[in-house]
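These are the residues of each chain, in order.
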Amino acid sequence: MDLTYTEEEQDFRARLRAWLGKALPELPAKPSPDDWPGRRAYDLGWQRRLYDAGYAGLHWPVDAGGRGATPTQHLIFLEETERAGAPYVGANFVGLLHAGPTIAAEGSAEQRARWLPPVLRGDEVWCQGFSEPDAGSDLASLRTRAVRDGDDYVVTGSKIWTSHAEVADWCELLVRTDPAAPKHRGISWLAMPMDAPGVTVRPLRTLAGSTEFAEMFLDEVRVPVANRVGAENDGWRVTMVTLSFERGTAFVGEVVACRRTLGELARTAKANGRWDDPVLRRRLGRLYGEFGALWRLTQWNVSEAERSGGVPGIGGSVFKLAYSHARQELYDAAAEVLGAGSLSLDEEWTLDRLSSLSYTIAAGTSQIQQNIVAERILGLPKGR
């Protein structure tokens with residue numbers, strides 16, 4: 001991996017920085033955090049601006065509607081948009097970072113043509129229907145059934161922690177199509193329209209007061225067989241592709257955000273007198289080193305994904321495990337710097353700290369990541 005920038009890459013950075021300087025002042029005011037239709041419109045409006053400027057799906061393959069940019073250009077894009085304070089993908093998270101890349105890697109030509117352009121243009125939002133109330137971290141224990149009926153599957157069951165279900169048009173849905181098969185088999189990956197009869201969504205309120213997740217109940221929902229990505233009963237393998245994107249590349253922009261947050265913390269500590277505490281300085285210095293190392297690991301993972309055909313490898317579990325714990329410690333340090341001010345629910349710091357608590361659970365718990373690292377990277381025997 002070459003960490004130096006070429007003249008072409010430096011030119012790409014300069015052009016992107018200039019475009020951001022013009023585009024960001026033209027954005028409307030951000031909607032209220034509770035206004036999900038407003039947030040959807042705001043997030044998709046930004047996505048459309050990226051699309052029109054040629055920055056949507058920058059690293060996606062050209063035949064999937066992207067620009068086929070190099071891993072380094074992708075990381076430059078993430079660095080510059082985060083440093084400029086550009087909007088995050090928001091409501092378009094699942095489509096851009098999970099479902100879209102999975103369909104690009106595993107979908108048929110017809111599926112790619114149907115679903116990828118609307119994601120890149122900011123026309124459609126996806127949600128994720130993986131977790132279930134009785135499965136916990138054991139995703140393969142899912143019970144939602146899909147029974148073949150002619151050209152449709154009839155789906156019955158329930159999902160939980162369904163990201164952005166309130167405003168989604170489509171759901172990447174895991175179902176059991178062969179209940180007699182071993183639990184890691186007999187699973188299929190479907191694209192389900194959220195307006196299909198029989199779909200009921202009930203928002204869930206998080207610790208931070210947000211409703212970005214929901215329960216979803218499916219009562220004999222008909223999903224066309226043509227909406228299955230991959231072969232019937234091969235959904236576990238397709239899901240591993242989805243999870244490799246979720247753990248391997250979906251968080252990379254947030255590493256840049258955490259490094260910026262760390263800088264803000266240092267400046268705040270200098271302003272309020274906390275910088276005189278040598279223990280705090282050492283803590284912030286260590287975090288600076290950790291996030292710097294995570295950024296280098298990100299560069300390695302993205303480069304490795306490019307060499308392996310665009311799908312991140314199991315190194316994403318190393319990143320996810322380290323990042324989720326580092327993020328929690330970052331916001332613990334923020335509470336130390338800010339003192340009582342970090343307890344106000346009106347403060348963005350507080351909401352970010354509460355949100356950080358979920359990172360050791362979301363996208364596979366830390367215990368799951370430790371098992372993956374132990375078994376698949378270190379070659380240790382499976383636990384009993």
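Residues numbered from 1 in each chain as written. Predicted model: local features only at pLDDT ≥ 70, side-chain atom pairs only at ≥ 80, totals over all residues. Heavy atoms only, no water.

Summed over all chains, the structure comprises 9 aromatic pairs. Both rings, one in Phe12 and one in Tyr55, keep their centres 6.2 Å apart while their planes meet at 70°; by these two values the pair is edge-to-face. Of this pair, Phe12 sits in helix α1 (residues 7-23) while Tyr55 sits in the loop between α2 (36-53) and α3 (71-83), placing them 43 residues apart in sequence. Ring centres 5.6 Å apart and planes at 35° place the aromatic pair Trp19 and Trp46 in the tilted group. Of this pair, Trp19 sits in helix α1 while Trp46 sits in helix α2, placing them 27 residues apart in sequence. Each residue in the set Phe12, Trp19, Trp46, Tyr55 and Phe77 is aromatic and connected to the rest through ring pairs, giving one cluster. Directly above the aromatic system of Trp36 lies the positively charged group of Arg39, at a separation of 4.0 Å from the ring centroid. Against the face of Tyr153 rests Arg148, its NZ or CZ located 5.8 Å from the ring centre. (Phe/Tyr/Trp six-rings, centres within 6.5 Å; stacked < 30°, edge-to-face > 60°. Helix = DSSP H or I, 4+ residues; strand = E, 2+ residues; numbered from the N terminus. Lys NZ or Arg CZ within 6 Å of the ring centre and 35° of its normal.)

Another point: the nonpolar core. With 65 residues, the main nonpolar core has Trp46, Trp126, Trp189, Phe291 and Leu330 as its most contacted residues. Element by element, the count of residues in this core is highest for helix α9 (residues 315-338), at 8 residues. Counting 22 residues, the second largest nonpolar core, distinct from the first, contains Val125, Cys127, Cys171 and Met216. (Core = buried A, V, L, I, M, F, W, Y, C linked by side-chain atoms within 4.5 Å. Buried < 20%, exposed > 50% of the residue type's maximum accessible area, 1.4 Å probe, protein only.)

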